[in-house]
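Spelled out, the chains give:
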Amino acid sequence: MSDTPTTPIEFRRYTQNLSPAIPIAIQQATGQFFEKRNARVAELPEWELLRDVGHRLRLHTLEHLDAYLEQAATSLSAAGVQVHWAMNGAEANAVVLDIARQHNVKTIAKVKSMATEEIALNTALQAAGFQITETDLGEFIIQLAGLGPSHIVVPAVHLKKEEIAQLFKEKLGVEAPPDPEQLTAIARARLREVFLAADMGISGANFLVAETGTLVMVTNEGNGRMCTTLPDLHVAVVAIDKVVPDWESLATLLKLLARSATGQKLSTYTNFITGPRKTKGEHGPRELHVVLLDNGRSRMLASPLTRETLKCIRCGSCLNVCPVYKQVGGYAYGWFISGPIGAVLTPQLLGTKIAAELPYASTLCGACAEVCPVKVPLLDLLRHLRRRVAEGDATTTPIVSPVLRGVARGSAIALGTPWLYRLGARLMPLLQVPVRRGNWIPSLPAPLNRWTMVRPFMPFRARFRRWWKHHKKNE
Amino acid sequence: MHVQLFITCLGENFFPEMLESMTTLLERLGITPCFPSEQTCCGQPQYNSGFEAEARSMARRWMRTFSHSDAPIISPSGSCVEMVRHYPHLFPEGSEEHTLAIELAARTFEFTEFLVRQLGVTDVGAHFPHRVTYHASCHLLRGLGLRDEAKRLLAAVRDLEFITLTEEETCCGFGGIFSVLYPEVSGAMLENKVRHIIASGAEYVVVGEAGCLMNIAGGLHKAGSAIHPIHLIEVLAAQGGA
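Residues numbered from 1 in each chain as written. Chains lettered and ligands numbered in written order. Predicted model: local features only at pLDDT ≥ 70, side-chain atom pairs only at ≥ 80, totals over all residues.

Student: Explain the overall build of chain A to me, please; I cannot follow it from the model alone.
Tutor: If you tally the helices and strands in chain A, you get 23 helices and 10 strands. Referenced to the eigenvectors of the C-alpha coordinate spread, the extents of chain A come out at roughly 95 × 55 × 45 Å. Counting only residues that meet the buried cut, chain A has 50% of its 475 residues in that class. Taking the intrachain contacts of chain A between residues at least 6 apart in sequence as the baseline, contacts between residues at least 24 apart amount to 74%. (Helix = DSSP H or I, 4+ residues; strand = E, 2+ residues; numbered from the N terminus. Buried ≥ 20, exposed ≤ 12 C-beta atoms within 10 Å, placed from the backbone. Contact = placed C-beta atoms within 7 Å.)

See the structure below:
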């Protein structure tokens, strides 16, 4: 579970003391995903076209979200679903709690869902005395560990099999060798009991098809189907940006999602849920509720750039290619969503005051934007959010450190005034004499030591202007 | 043909040989470079750090400097050229400055882009008898979409043995302000890059971007490696045994 941060997220502090084992585990896993993704993409000559269609489709839906949401709500109701609207996490959690109480629920089986992580639903339910079990294997593991997801698609990506075996021993009292198959069998046996006993299933949804009111869930373990068919009660928490107009659009997005997320043509299970069971023989819950969650999204929709953030279909491929994520892992980003998309979403949902460090947690290398299946302009968004940190925005005054502001302003004057700039270029080679050692400057005082603690600095050697004059004279 | 040299502040202050090579190489190709001496920095550090007002004033200064001539503007840096292509975003649409920014951005080229895409040249008559590996800088590669240009130029260099770098397209960890805000992460990324460069067995690692070159050169020095970091333009200008 990942509770909502209420104090500033400290990316730097977290990354100062990273265990070297974490990047290794993460790089192995994300590397495999990305290789598979590349192989699938290579099979489709029309991939770039498909990305473009995905981008247009998502943007179109967001631009007309009011209409599509209304259509989705109508279709859901027509299919027998009870629709609830929640402006924020607290409202959504209250709705789910109410439903659970009304039905005298005791145990809950849960499908992996980023929306419920966003609103910390598990914490709210546990505080109210409900027993809730995550049934996705990765989520099951991190729930035992008392953690939130460290990756959008593979929440326990940072853990090695040895650590999981140790966790199972401590929390489940089961001794097992660090063998993925045996560990999975243990979890499977436990989860079977959970599915059969659960009074309520909770899920999110990857998509919500407006024309038919169909919830779409993409999974690989089958747990999603168990949670949403065995209990008599199913509640899905769906963020409003999950709406797609129709099945044709859905087909395109599924094609992009499965390939980008796990390098599959199609995930093992793609579940379509249209309403509760209607006849006695049918599978599925007797009652189905959908909680449509805003939680800051309407605000993001208002501006053409921030709106683009909501195109994200949570495939995680931006994490798998991000050289920063691959060094630091998910927890450095301080909340349920990490990597480049986390660095742009978290500041927008929680405000730049809480997440001021995140927009800067990128080298702007652009690997993320290049693979994003729906072309979220991650670099533009990172720069936009940096500007909001530096200059302030509608909710917060500027919060950038005075040192950084001083450097930015001072350097703009020094570098932007020709005579001052030229003077500097001439003076620096003299000023650096005391710290220069041969061809390098091995260390510099704070704050410049932030460069030299990693690698030496190069000495200033401006001489082109003189060379140019000489060169021109000799022509 | 005349071109205006946009030497960039990193180029001017840290890589004079590269700028001299750029000048002589252009002349070798029959091009006459000129040097607008009022030029300073393009404002990229401010822009990428969120200080748009500061970046705007630097963009204004840059645009004044380079609009005196109609000649194309050539730079040895992908990230600085990319910055110039961001200039139109800094001014309101329809304003004179916006129009000027678009006009200037359209004739500002990164060096390899200018050679390969504008002039259609890949063989610049270079001779560099060494084992060479190449780091693809992010702003050249993804920023400007120059995936093959540098490699095509290197392929035409006489006696150059090209070794493909593992994770060639992965960022070296520089990232401007990132390198000083998150030095530990930047350092880990650099270590990765340096490890691959050393494992390549090359004598030279070629980089087409001053920022990355500075970072990688420092990383190699720290690792005690004898591999020489070198700017792409210096390799292209080389004609002897170098």
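Student: What should I look at first to understand the domain arrangement of chain A in this one?
Tutor: By a widely used convention, the size of an interface equals the accessible area lost when the partners come together. Assigned domains of chain A: these are domain 1 (11–299) and domain 2 (402–473). Domain 1 of chain A and domain 2 of chain A are separated by 51 Å when their C-alpha centres are compared. (Domains from an automatic or database assignment.)

Student: How should the packing of helix H9 (residues 161–172) of chain A against helix H10 (residues 180–197) of chain A be read in this particular structure?
Tutor: When two helices pack together, you describe them by how their axes are tilted relative to each other and by the distance separating the axes. Residue and element names in this part refer to chain A. Running from amino to carboxyl end, H9 crosses H10 at an angle of 35 degrees, the nearest separation of the two axes being 10 Å. Our pair here, H9 against H10, has a crossing hand that is left-handed. The segment H9 lies against H10, with Lys161, Ile164, Ala165, Phe168 and Leu172 engaging Pro180, Leu183, Ile186 and Arg190. Across the contact of H9 with H10, the residue classes break down as seven nonpolar, no polar and two charged. (Axes fitted to C-alpha atoms, helices over the stretch in contact; angles between N-to-C directions. Left-handed = near helix turned anticlockwise from the far one by under 90°. Nonpolar A, V, L, I, M, F, W, Y, C, P; charged D, E, K, R; others polar.)

Student: Mind showing me how you'd approach the packing of helix H20 (residues 402–416) of chain A against helix H4 (residues 52–66) of chain B here?
Tutor: For the pair H20 of chain A and H4 of chain B, interaxial distance at closest approach is 10 Å and the crossing angle is 5 degrees. The pairing of H20 of chain A with H4 of chain B is recorded here as roughly parallel in orientation. Here H20 of chain A contributes Ala408, Arg409, Ala412, Leu415 and Gly416 of chain A to the contact with H4 of chain B, which in turn contributes Glu54, Ser57, Met58 and Arg61 of chain B. Of the residues that constitute the contact of H20 of chain A with H4 of chain B, the class distribution is four nonpolar, two polar and three charged. (Parallel < 35°, antiparallel > 145°, perpendicular 65-115°, else oblique.)

Student: Would you explain the sheet that holds strand S2 (residues 107–110) of chain A in this entry?
Tutor: Backbone hydrogen bonds hold the strands of a sheet together, and the pairing may be parallel or antiparallel. Residues and elements named next belong to chain A. Taken in spatial order, the six strands of this open sheet run S1-S10-S7-S4-S2-S3, and their pairing is parallel. Each edge of the open sheet carries a strand with a single partner, namely strand S1 (82–86) and strand S3 (131–134). Going across the sheet, the axis of each strand differs from the next one's by a mean of 20 degrees, ignoring polarity. Pairing of strand S4 (residues 200–203) with strand S7 (residues 233–239) involves three bridges; the strand directions are parallel. Residue pairing for S7: Ser203 is matched across the bridge by Ala236. (Pairing = 2+ DSSP bridges.)

Student: Whenever I open this one, the interface of chain B and chain A confuses me. Can you help?
Tutor: Taken together, the 54 residues of chain B in the interface contact 51 residues of chain A. Only helix H1 (9–14), helix H2 (16–28), helix H3 (44–49), H4, helix H8 (138–143), helix H10 (178–181), helix H11 (183–200) and helix H12 (210–222) of chain B provide two or more residues apiece to the side of chain B that touches chain A. It is H11 of chain B that provides the largest number of residues to the side of chain B that touches chain A, a total of eight residues. Classifying every residue of the side of chain B that touches chain A by side-chain character gives 25 nonpolar, 20 polar and nine charged.

Student: Even after reading the chapter, I still don't get H2 of chain B, so can you show me in this structure?
Tutor: Since there are 3.6 residues in each turn of an α-helix, residues three or four apart along the chain are aligned in direction. Residues and elements named next belong to chain B. End to end, H2 covers 18 Å across 13 residues, agreeing with the expected 18 Å (1.5 Å per residue, within 8%). Those residues of H2 lying buried are Met18, Leu19, Ser21, Met22, Thr23, Leu25 and Leu26. Phi turns positive, to about 85 degrees, at Gly30, one or two residues after H2. (Expected span 1.5 Å × (residues − 1).)

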